[in-house]
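# Structural characterization, general
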Amino acid sequence: MPDTFSFGIDPLTCHAWNHDHSQLALSPNNHEVHVYKWSDGKWKLSDVLAEHVQRVTGIDWAPKSNRIVTCGVDRNAYVWTLQPDGKWKPALVILRINRAATCVKWSPLETKFAVGSGARLISVCYFEQENDWWVSKHIKKPIRSTVTCIDWHPNNILLACGSSDFKARVFSAYIKEVDEKPNATSWGSKMPFGNLMAEFSNGSGGWVHGISFSASGEKVAWVGHDSSISVVNAADGSKLTTLKTDSLPFVTLTWIKENNIVVAGYDCSPAVFSYDGENVVLIARLDDSETKQQQGSKFSAMKHFRSLDNRATVESNDTTLETVHQNTVTQVTIYAGTKANCTKCSTSGIDGQLVIWDLRSLENSGSNSA
Amino acid sequence: MSTTLQPYLKAVRQTLTAAICLENFSSQVVERHNKPEVEVRTSKELLLTPVTISRNEKEKVLIEGSINSLRISIAIKQADEIEKILCHKFMRFMMMRAENFIVLRRKPVEGYDISFLITNFHTEQMYKHKVVDFIIHFMEEIDKEMSEMKLAVNSRARISAEEFLKRF
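### Focus on the confidence of the model for chain B
Averaged over all residues, the pLDDT of chain B equals 93, while 99% of them reach at least 70. In the predicted assembly, ipTM is 0.88 and pTM is 0.89.

Structural data, given as structure tokens:
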């Protein structure tokens, strides 16, 4: 059974966990970031980070250095550090973008982070010690539309990005002030900053909503608005495999094992797919709505006559959805474990709920649905 | 004739369910702005292909989608002059009160009688499947209302003519 937490009626735009998931940072669809601490079996609001003036679009929490980076529609990003008195102090990042920021991610070594924006570019930011501020470098070519999602390769150099120009790309974000010279990977050997390592089209044309590198960095997967899931295996000559599903489009995904991904989106329920080198197949839907339907039929007869008795109307009570989430899922993140072996993942939705799904039950019950 | 109604509404419902997948998207043309892309139409890559679902030449639905907004335009069956006038007045009545309807557009799209504009803000506050239910219900009811009004006009005309001519 998934753990459900409700944070009000406002949509949860984004969320991030700290290193031991005792604290949670989320944004309730406004300019604030709320930090919650887990105490006595409940989430208690411990801090409100209110530096942005417009909607916050991305939050990422660096597990080792315990810093939070947030980005918003006001073209700004802030890096928050925890002060000894328990308050979070913001440091402005000079992104030099003239449109909204859409997504932000810390690099694996937490020395830099990347921000995608509506200015059709990615801002890769690192800390300049001598001036004591965060500076940025831009990756522009050949992005033609808003960057919707980004993800880092484990080598701290390569960056995957999806955009609303229907393309998924892998760039090099090598910054000589911060990084050491990288070794050659399956994606290529020459990695100057801003170099386009690979570009893939999203099939029949569909905005790329979410993108993710696998734990080893050999594979990259993305989800598009044409309800498809695509996986590219760089180790296998950049072979592209696409699965067109018949559900509503997915908007977010993450690898949970080297060959499994969990996706979620407008269907309001997460599902797990597996890639075996040739095909992408559905393994399981995490929302077990089958048992719920069985329970529902027992009570609907009683409900039917009760509404007939009360109001003399035949009320079809189909307002609430059978899934746990009542509206679109906005983000799925790893809660416990790593991309190589994730035991629990969390989803935040437009219905204001945060749900933690246990993935271990998948292995125990086996593949029971297709 | 009515055998085409159910498949027609089913097709509209399924297209709407797919097109109502909207997300909050800040304008990439004007900084700090958030506009319904289907109305602004400045960035072609953000617009979906418009779909027209026709029951016959007179009755059709145009669904235009985009990344953060959806426009549905309905052409209502108007067989004769009376129905044309009734339809025009009825739609005008509703469109003047568009604010209360939330998803109604104040002016219909060219070539249609009534238009709805649904944005990501609406889908954040309301259930998507209930909004689709509302549109379909609207389409079903509109024909019934029009027939009822036409009957009412005819019967009222008959009664008043009868009363008037009783004098003579």
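Next, the rest of the story.
### Describing the pairing of strand β10 (residues 101-106) of chain A
Consecutive side chains of a regular strand alternate in pointing toward one face of the sheet and then the other. Residues and elements named next belong to chain A. Here β10 pairs with strand β11 (residues 112-117) via five bridges, running antiparallel. Bridged to lysine 105 within β11 is alanine 114. Hairpin connection of β10 to β11: five residues between the antiparallel strands, including glutamate 110 at a positive phi of 60°.

### Let's talk about the packing of aromatic side chains
With the rule as written, the count across this model stands at 19 aromatic pairs over all chains. Relative to Trp134(A), the ring of Phe113(A) has its centre 5.3 Å away and its plane inclined at 50°; by these criteria the two rings are tilted. Of this pair, Phe113(A) sits in strand β11 while Trp134(A) sits in strand β13 (residues 133-139), and the two are 21 residues apart along the sequence. On the basis of relative accessible area, Phe113(A) is assigned to the buried category, the value being 0%. Accessibility expressed as a relative area gives 4% for Trp134(A), which makes it buried. Ring geometry for Phe116(B) versus Phe138(B): centroids 5.1 Å apart, planes at 90°, classification edge-to-face. With Phe116(B) in strand β4 (residues 114-119) and Phe138(B) in helix α6 (residues 128-165), this residue pair connects regions lying 22 residues apart in the sequence. You'll find Phe116(B) and Phe138(B) in the same group, each marked buried. Each residue in the set Phe5(A), Trp17(A), Trp38(A), Trp43(A) and Tyr335(A) is aromatic and connected to the rest through ring pairs, giving one cluster. Directly above the ring of Phe193(A) sits Lys137(A), whose terminal nitrogen or CZ lies 5.6 Å from the centroid. Taking the ring centre of Phe93(B) as reference, the NZ or CZ of Arg97(B) above it sits at 4.0 Å.

### Comments concerning unusual backbone geometry
All names here are of chain A. For the bond running from lysine 141 to proline 142, omega is -10°, close enough to zero to count as cis. Topologically, proline 142 is positioned in the loop between β13 and β14 (147-152). In the Ramachandran plot, asparagine 156 falls in the positive-phi region, its phi being about 70° despite a non-glycine side chain. Position of asparagine 156 among the secondary structure elements: in the loop between β14 and β15 (158-163). Despite not being glycine, serine 238 has its phi angle at roughly 55°, a positive value.

Cut-offs applied
Residues numbered from 1 in each chain as written. Chains lettered and ligands numbered in written order. Predicted model: local features only at pLDDT ≥ 70, side-chain atom pairs only at ≥ 80, totals over all residues. Heavy atoms only, no water. pLDDT = per-residue confidence, 0-100. Pairing = 2+ DSSP bridges. Helix = DSSP H or I, 4+ residues; strand = E, 2+ residues; numbered from the N terminus. Phe/Tyr/Trp six-rings, centres within 6.5 Å; stacked < 30°, edge-to-face > 60°. Buried < 20%, exposed > 50% of the residue type's maximum accessible area, 1.4 Å probe, protein only. Lys NZ or Arg CZ within 6 Å of the ring centre and 35° of its normal.

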